[in-house]
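Report on the structure
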Amino acid sequence: MNKLSAKISPTSGPLPITLHLPTPASEKDPQEQNLIQDESDAERPSKHCCTRWPFRAVRKVTCGLILVACVAVSWAWGTHSAKETLIRHPTPFFIIWFCSIWNILFFPFYYLCHLLTEKQKQLPTTEFRKCSQFLGEELTVRIVLKEAAPFSVLWSLSGYLYLLALCRISKVDVSAVVCCSQAFTFLLSWIGLKDRFMGVRVVAAILSITGIVMLAYGDGFHSDSITGVALGVGSASTSALFKVLFRKRVGNVHPGPASVLLSCAGLCSFVLHSWVCVLLYFTHVEYWPPSQQIPWDKLCVMASLLLVFNVLVNVGGMFTYPSLISLGILLTIPASAAVDTFVTVTLHISHVRAAAASIISAGYLMLQLPENWDESTLRWLSTLWRGNWREDSVVGEESVVEPAGIARAKPKPAVVALS
């Protein structure tokens, strides 16, 4: 037998010599190429998703920035109109009763936003029925008045105390105190709804209370600022109680149920609170002579601006991120100061009041942190640290440094056997 034609038996023997050469892409198995391509596509997001997601995010952020400006301007200008209305017509309960009636328009505004944002359009009656499920299966006028009457009382009381505070302190101080409503909402939710205890929010509540005390004693112990700040705190506390009771009655706050409830509260204000205005008029508590003209233009401007503010706060989450709406509420403080500067030109803020507003703003921002912000931050930092460490180690192990100092990755070897 020729030595070069010897058979290769499966018996054990010396292993063949192997040469590690890079395999050309054209000689790879097509199935293997498809498998590698599928794995790489699964690891990275699709191009369509990458191009679509930033557009949605940019659109929501852009819309949110516009809504932030609208929230701040509507509140600041509405507060300015309320101040002027109180000077010309000092009847706070009648003013807030007139503004509360405009809440009937809440659901029509929500339905308009529903038509603009939802792909599946529904009839107004169908959408109203879906959003009013928390009122019960059988919806009657008696049930609506019964369920919405407590919220209507809290709404009117909060607005009444807000106008009384506006008669004694500046618009900037009132806006700062009203921002503390978020801290009171957290405390009431922690006590009444058994929400999760968060140390950072407790610190934020302490900062808010500190800012309130600094505002109250900014002009001394014998001034109207103490009474005005106390009335503002009462308004903020009543607003916080309104939010907590709504969460307890409905659950998570959504634009649809909130618009239905506020529309029903406006109806209750029109039906049930009218006699209070008549009673206050005939008892001369809020009396004006028949010859005195009511400033309907100022009242309508104030009511429309406050309606726009409340609609944006409660329905703006359909167009943008809720955190941006919360930022707009905080910006009502500098917006009120800007209106005072450019309209009345009589703004004088002491260092104590500026420090108090800054402390309240810091507490408000701390209240906007999510519940698991600490865990998410630690997880993100840990992932970032481990990712950088692994990347450095992989580069150090799988790279070959050429004399010119250029690092080139090692090619995948192919096994060629020579017998």
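If you look the protein chain up in an unreviewed UniProt entry, it shows as Solute carrier family 35 member F4 from Culter alburnus.

Along the chain, G317 falls in the loop between α13 (296-315) and α14 (322-330). Since its relative accessible area comes to 37%, G317 is described here as partly exposed. Separated by 250 residues in the primary sequence, G317 and L67 place their C-alpha atoms 9.9 Å from one another.

In this section: the UniProt feature "transmembrane region" (unreviewed entry) in the protein chain. When the UniProt feature table is mapped onto this chain numbering, "transmembrane region" (unreviewed entry) sits at residues 61-78, 93-113, 198-217, 229-246, 258-282 and 319-339. The span residues 93-113 is 81% helix and 0% strand, and its two end C-alpha atoms sit 31 Å from each other.

Applying the stated criterion across every chain, the model contains 17 aromatic pairs. Plain terms: the ring middles of W155 and F242 are 5.8 Å apart, the flat faces sit at 65° to each other, and that makes the pair edge-to-face. Taken as a pair, W155 in helix α6 (residues 141-166) and F242 in helix α10 (residues 224-250) lie far apart in primary sequence, 87 residues in all. The residues W155 and F242 share a single accessibility class, namely buried.

A separate point is the packing of helix α3 (residues 92-101) against helix α11 (residues 255-272). Relative orientation of the contacting elements α3 and α11 amounts to 135°, with a least axis distance of 8 Å. In terms of axis orientation, α3 runs oblique to α11. Every pair of crossing elements has a handedness; the one defined by α3 and α11 is left-handed. Of the residues in α11, those touching α3 at W97, S100 and I101 are G266, S269 and F270. Of the residues contributing to the contact of α3 with α11, the split by class is three nonpolar, three polar and no charged.

What follows covers the confidence of the model for the protein chain. With 77% of its residues at a pLDDT of 70 or more, the protein chain shows a mean pLDDT of 78. In this model, residues 1-52 is a region of pLDDT below 50 whose contacts with residues beyond four sequence positions or in other chains number 29 contacts. Throughout residues 397-419 the model reports pLDDT below 50, and contacts reaching past four residues in sequence, or to other chains, amount to 33 contacts.

Definitions and cut-offs
- Residues numbered from 1 in each chain as written.
- Predicted model: local features only at pLDDT ≥ 70, side-chain atom pairs only at ≥ 80, totals over all residues.
- Heavy atoms only, no water.
- Helix = DSSP H or I, 4+ residues; strand = E, 2+ residues; numbered from the N terminus.
- Buried < 20%, exposed > 50% of the residue type's maximum accessible area, 1.4 Å probe, protein only.
- UniProt positions renumbered as here; feature names shortened; annotations may be inferred.
- Phe/Tyr/Trp six-rings, centres within 6.5 Å; stacked < 30°, edge-to-face > 60°.
- Axes fitted to C-alpha atoms, helices over the stretch in contact; angles between N-to-C directions.
- Parallel < 35°, antiparallel > 145°, perpendicular 65-115°, else oblique.
- Left-handed = near helix turned anticlockwise from the far one by under 90°.
- Contact = heavy atoms within 4.5 Å.
- Nonpolar A, V, L, I, M, F, W, Y, C, P; charged D, E, K, R; others polar.
- pLDDT = per-residue confidence, 0-100.

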